[in-house]
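Survey of secondary and tertiary structure
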Amino acid sequence: MKVSRRHGSATLHPRLHALSCRFGMLRVHSRGLVTIDLQCYEEDNIAQLDNLLNALEKKLKALLDENITRIKKLPALVRGAKVDRYWPTADGRLIEYDIDQVVYEEDSAYQNIKILHSQQYGNILVLDGDVNLAESDFAYTHAITGKGKENYAGKEVLILGGGDGGILAELVKQRPKMITMVEIDQKVIDGCKMYMRKTCGDILDNLQGDCYQILIQDCVPLLKKYAQEGRTFDYVINDLTAIPISTTPEEEPTWDFLRLILDLSIKVLHPTGKYFTQGNSANLTEGLALFEEQLGKLSCPVDFCKEVVCVPSYLEQWVFYTAWKK
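All figures in this text were calculated on a predicted structure; none of them were measured in a lab. Along each chain, residue indices are assigned from 1 in the same order as the chain's sequence is written. Residues qualify for local features only when their pLDDT is at least 70, as the model is predicted, and side-chain atom pairs are given and counted only at 80 or more; totals for whole chains, interfaces and linings, by contrast, use all residues. Based on all heavy atoms of the structure, the side-chain values leave hydrogens and waters out of the count.

**Let's talk about the overall build of the chain**
Put simply, DSSP marks the helices as runs of H or I at least four residues long and the strands as runs of E at least two long, and each gets a number from the N terminus on. Across its full length, the chain holds eight helices and 18 strands. Radius of gyration (C-alpha) of the chain: 25 Å, far over the 20 Å computed for a compact globule of 326 residues. Throughout, exposure labels follow a simple rule: accessible area from a 1.4 Å probe, protein chains only, divided by the maximum for the residue type, with under 20% read as buried, over 50% as exposed, and the rest as partly exposed. Across the 326 residues in the chain, those meeting the buried criterion constitute 46%. Residues are treated as being in contact if the distance between any of their heavy atoms lies within 4.5 Å. Partitioning the contacts of the chain with sequence separation of at least 6, the portion at a separation of at least 24 is 60%. Exposure was quantified through the Shrake-Rupley algorithm and a 1.4 Å probe, taking into account, for residues, occlusion by the shown protein chains and nothing else. Within the structure as shown, the chain displays about 16,600 Å² of accessible surface, and the carbon and sulfur contribution to it stands at 51%. Side chains of the chain give 38 positive and 45 negative charges; the mean places of these two sets differ by 5 Å. C-alpha atoms define the radius of gyration, and 2.2 Å times the number of residues to the power 0.38 defines the globule rule. In this tally, Lys and Arg are treated as positive and Asp and Glu as negative; His is ignored, and so are the chain termini. Every charge is mapped onto a representative atom, which is NZ of Lys, CZ of Arg, CG of Asp or CD of Glu.

**Some details on the environment of Cys219**
Within the element layout of this structure, Cys219 appears in helix H6 (residues 219-229). Along the chain, Cys219 and Leu240 lie 21 residues apart, while their C-alpha atoms are 9.7 Å from each other. Not counting chain neighbours up to four residues away, the residues in contact with Cys219 comprise Leu160, Val182, Leu240 and Ile261.

**Points about unusual backbone geometry**
For Asp128, which is not glycine, the phi torsion reads 50° and is therefore positive. Mapped onto the elements of the fold, Asp128 is located in the loop between strand E9 (122-127) and strand E10 (130-134).

**Some words on the sheet that holds strand E12 (residues 178-183)**
Strand pairing in a sheet relies on backbone hydrogen bonds. The paired strands run either parallel or antiparallel. Within the open sheet, the eight strands sit side by side as E13-E14-E12-E11-E15-E16-E18-E17. Their pairing is mixed. Looking at strand neighbours, the two that pair on one side only are strand E13 (208-209) and strand E17 (302-311), the edges of this open sheet. Note: E12 against strand E14 (residues 212-216), five bridges, orientation parallel. If you follow Val182 over to E14, its bridge partner there is Leu215. One bridge is not enough; two strands pair if DSSP finds at least two bridges between them.

**Focus: the packing of aromatic side chains**
We call Phe, Tyr and Trp rings a pair once their centres come within 6.5 Å, taking the six-membered ring for Trp, and we label the pair stacked below 30 degrees between planes, edge-to-face above 60, and tilted otherwise. In this structure the tally under the stated criterion is ten aromatic pairs. Chaining the aromatic ring pairs together yields one cluster made of Tyr140, Tyr314, Trp318 and Phe320. The rule for a charge over a ring is simple: NZ of Lys or CZ of Arg within 6 Å of the ring centre, and within 35 degrees of the ring normal. A cation over an aromatic ring shows up here: Arg231 above the ring of Tyr226, its NZ or CZ 4.8 Å from the ring centre.

**Considering the packing of H6 against helix H7 (residues 252-267)**
All axes here are fitted lines through C-alpha atoms, helices being fitted over the stretch that makes contact, and every angle between N-to-C directions spans 0 to 180 degrees. At their nearest, the axes of H6 and H7 sit 9 Å apart, and the two run at 30° to each other. Between H6 and H7, the interaxial angle falls into the category roughly parallel. Crossing handedness for the pair H6 and H7: left-handed. Contacts between H6 and H7 involve Cys219, Val220, Leu223, Lys224 and Ala227 from the first element and Phe257, Leu260, Ile261, Leu264, Ser265 and Lys267 from the second. For the contact of H6 with H7, the class distribution of residues is eight nonpolar, one polar and two charged. Any angle that falls under 35 degrees is termed roughly parallel, while one over 145 is termed roughly antiparallel, one within 65 to 115 roughly perpendicular, and all others oblique. Working rule for handedness: look at the near helix, and if it is turned counterclockwise from the far one by less than a right angle, call the crossing left-handed; if clockwise, right-handed. Under this grouping Gly is polar, as are all residues other than the nonpolar Ala, Val, Leu, Ile, Met, Phe, Trp, Tyr, Cys and Pro and the charged Asp, Glu, Lys and Arg.

Quick look at the structure:
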């Protein structure tokens, strides 16, 4: 027999051992599972609640004559807090971060933008509920730019997305000929240049520098224009979005967008150039396989390789792709 016990926070009613306006529930499930849930307020005496749980555990052991095979106590879930600390991973696991402050929040024409402070990861950029990048996540920037194996000096570089400024800030150090960064959402840049400076430094303070320009616009019309003009880049870095996790109807618009970006990016890639992009969680094998199928269906044939990298704030292994023309 298994016993699970946990306590979270909420409201509810009088009943728990000298505690008023609180709630406890014991459920006996099929297959020998018993759960005990206690819901309380943040200001409650947690030691008193733990004592109550310990007493219930002893009582159950006595009643069941030592037939309990395993006991697991889970940390409290904090509900209704001013700052949301729970964010899902790409493969559907719920992560509790040590977030203590919302430092920036805006709704743009494209998405909800939050920058949250974590004691462990620094400030974290969250777009539409997805953790994008934390100040601790140089591993992401390192991976999507070739892991230090590329020479960007004197090269033409195109960054799609990248509004946090991390990729741009790293590449300008290598004295490229010109970096063109195309970001659709000015409000992402506004937030990051104030609250993600460990990632972007001062690079977002100006939309143009000696070897870079930041264009605030949709990258699709620009890519089409570049393709028509025959313009090419030594490196194209796609930092727009992770690949979809499935082919459900809800994901189809994202796949359509991804296919379009892929095809246009390869069209503007120099014959000896490289295309870098993120994939998704290493656990999402179906989505990754579908993406690799798309790489085989482009108007221009490509080869590719991939690498799995641990990005600290993601708390999961992340796949990055490099593609080049055959």
